[in-house]
Amino acid sequence: MGSQSDWETMRHATAVLEKLAVAHEVRIVSAHRTPDRLADYAKAAQGRGLSVIIAGAGGAAHLPGMCAAWTALPVLGVPVESHALKGMDSLLSIVQMPGGIPVGTLAIGKAGATNAALMAASILALADPALGTRLAAWRAAQTAAVADEPTR
Ligand code: RP5
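In this numbering scheme, every chain counts its residues from 1 along its sequence in written order. For this predicted model, a pLDDT threshold of at least 70 governs which residues receive local features, and a threshold of 80 or more governs which side-chain atom pairs are given and counted, while totals over whole chains, interfaces and linings are taken from all residues. Only hydrogens and water are set aside; all other atoms, that is, all heavy atoms of the structure, feed into the side-chain values.

An unreviewed UniProt entry annotates the protein as N5-carboxyaminoimidazole ribonucleotide mutase originating from Komagataeibacter melomenusus. UniProt positions are given in the numbering used here, feature names are shortened, and annotations may be inferred rather than shown by experiment. What UniProt records for the protein under Function (unreviewed entry) is the sentence "Catalyzes the conversion of N5-carboxyaminoimidazole ribonucleotide (N5-CAIR) to 4-carboxy-5-aminoimidazole ribonucleotide (CAIR)."

Enquirer: Provide a residue-level description of unusual backbone geometry, including the pertinent values.
Expert: Excluding glycine, residues mostly have negative phi values, and the peptide bonds linking residues are mostly trans. If you check the backbone angles, Ala 21 has positive phi at about 55 degrees while not being a glycine. Tracing the chain through its elements places Ala 21 in the loop between α1 (7–19) and α2 (35–45). Whether a residue is buried, partly exposed or exposed follows from its accessible area with a 1.4 Å probe, protein chains only, as a fraction of its type maximum: under 20%, in between, or over 50%, in that order. The exposed category is assigned to Ala 21, whose relative accessible area is 52%. Unlike most non-glycine residues, Lys 86 shows phi in positive territory, near 60 degrees. Secondary structure is summarised from DSSP: a helix means a run of H or I of at least four residues, a strand means a run of E of at least two, and numbering begins at the N terminus for each.

Enquirer: Describe the site of the ligand, and please don't skip the residues or the numbers.
Expert: By convention in this text, a residue qualifies as near a molecule or strand provided that one of its non-hydrogen atoms is within 4 Å of it. In the vicinity of the ligand, the contacting residues are Gly 2, Ser 3, Ser 5, Asp 6, His 32, Arg 33, Ala 57 and Gly 58. Contact distances for the ligand include 2.6 Å between an oxygen atom and a side-chain N or O atom of Ser 3. Any N or O atom pair separated by 3.5 Å or less is treated as a polar contact, with the protein-specific requirement of one donor-capable and one acceptor-capable atom, and with residues adjacent in sequence counted only for side-chain atom pairs. Here an oxygen atom of the ligand and a backbone polar atom of Gly 58 are 3.0 Å apart. Burial of the ligand by the protein chains amounts to 70% of its free accessible area of 360 Å². Values of accessible area rely on a 1.4 Å probe in the Shrake-Rupley scheme; residue burial ignores everything except the protein chains shown.

Enquirer: Give a detailed account of helix α3 (residues 63–70), specifying residues and quantitative values.
Expert: Where α3 is concerned, the buried positions are Leu 63, Pro 64, Gly 65, Cys 67 and Ala 68. In what follows, residue pairs with any heavy atoms lying within 4.5 Å of each other are defined as contacts. Turning to α3, the residues buried within the fold contact α2, β1 (53–58), β2 (75–80) and α4 (88–95).

Enquirer: So what's going on with the pairing of β1? Which residues, and what values?
Expert: Of the pairings in the sheet, the one linking β1 to β2 comprises 6 bridges and is parallel in character. Directly across from Gly 58, in β2, lies its bridge partner Val 80. Two strands form a pair only when DSSP identifies at least two bridges running between them.

Enquirer: Account for the layout of surface pockets, with residues named and values stated.
Expert: Unoccupied space between atoms shows up once a probe the size of one water molecule is rolled over them. The method works on a 1 Å grid over the protein atoms by themselves. A cavity is a set of points holding a 1.4 Å probe that cannot get out, a pocket is an open set with protein on both sides within 12 Å along at least five of seven lines, and residues with an atom within 4 Å of a point line them. Grid points are joined across faces, edges and corners, and a volume is the space filled by probe spheres set on the points. Estimated volume of the largest pocket: approximately 560 Å³. In terms of lining, the largest pocket is formed by 25 residues, of which the most central are His 24, Glu 25, Val 52, Ile 53 and Ile 54. Looking at the lining of the largest pocket, the elements with two or more residues in it are α1, α2, β1, α3 and α5 (110–125). Take the lining of the largest pocket: its biggest share by element is 4 residues, from α1. When residue character is reported, Ala, Val, Leu, Ile, Met, Phe, Trp, Tyr, Cys and Pro are called nonpolar, Asp, Glu, Lys and Arg charged, and the others, Gly included, polar. Grouping the amino acids of the lining of the largest pocket by side-chain chemistry returns 19 nonpolar, 4 polar and 2 charged. Roughly 320 Å³ of internal volume is contained in the second largest pocket. In this structure, the second largest pocket is lined by 20 residues; those nearest its centre are Gly 2, Ser 3, Ser 5, Asp 6 and Gly 58. Partitioned by chemical class, the residues of the lining of the second largest pocket number 6 nonpolar, 11 polar and 3 charged.

Enquirer: Describe the nonpolar core, naming the residues involved and giving the relevant values.
Expert: Core analysis: the biggest nonpolar cluster contains 21 residues, and Met 10, Leu 20, Leu 76 and Leu 118 have the highest contact counts within it. Put simply, the parts of the chain that give this core at least two residues each are α1, β2, α5 and α6 (129–144). Not counting the four nearest positions on each side in its chain, Met 10 is found in contact with Met 1, Ile 54, Gly 56, Val 78 and Ala 113. Here, nonpolar core refers to any group of buried Ala, Val, Leu, Ile, Met, Phe, Trp, Tyr and Cys residues whose side-chain atoms link them within 4.5 Å. Counting 17 residues, the second largest nonpolar core, distinct from the first, contains Leu 38, Tyr 41, Ala 45 and Ala 57.

As structure tokens, this is what we get:
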């Protein structure tokens, strides 16, 4: 994530990864304030054994795109909701990548962070049947939790 202030959103990705027992790490890497940290992190990611990167940032959110420029790993971008523009700035900054450097962009805020983790798990499950089973169980539990009728 680009800032400590993004944690309130990105913790929802971490919660899903923990629930699915997906090994992960969490770092603050700012495209603007720590550009060298970003370059070092993204360039080294594949060699360190990472498989997918979830990058959450807000405002002029260059982090996911710059990350994708430095690595061929799948990069999932989460637009963090900004105060000024409610995350519309973050969304447009992340989603409108020029053809050639993809960022898989999720929804603004908590839903995007949650879904980024689920999508990362889906990608990893292609080569990890046990994770696929855990993911299927997570989805089945979600389905089972939806009542037939509303509480009145
Ligand atoms: C982005 O700008 C971060 O991702 C955060 O959402 C926002 C504010 O960052 P800081 O001012 O806290 O560094 O780079």
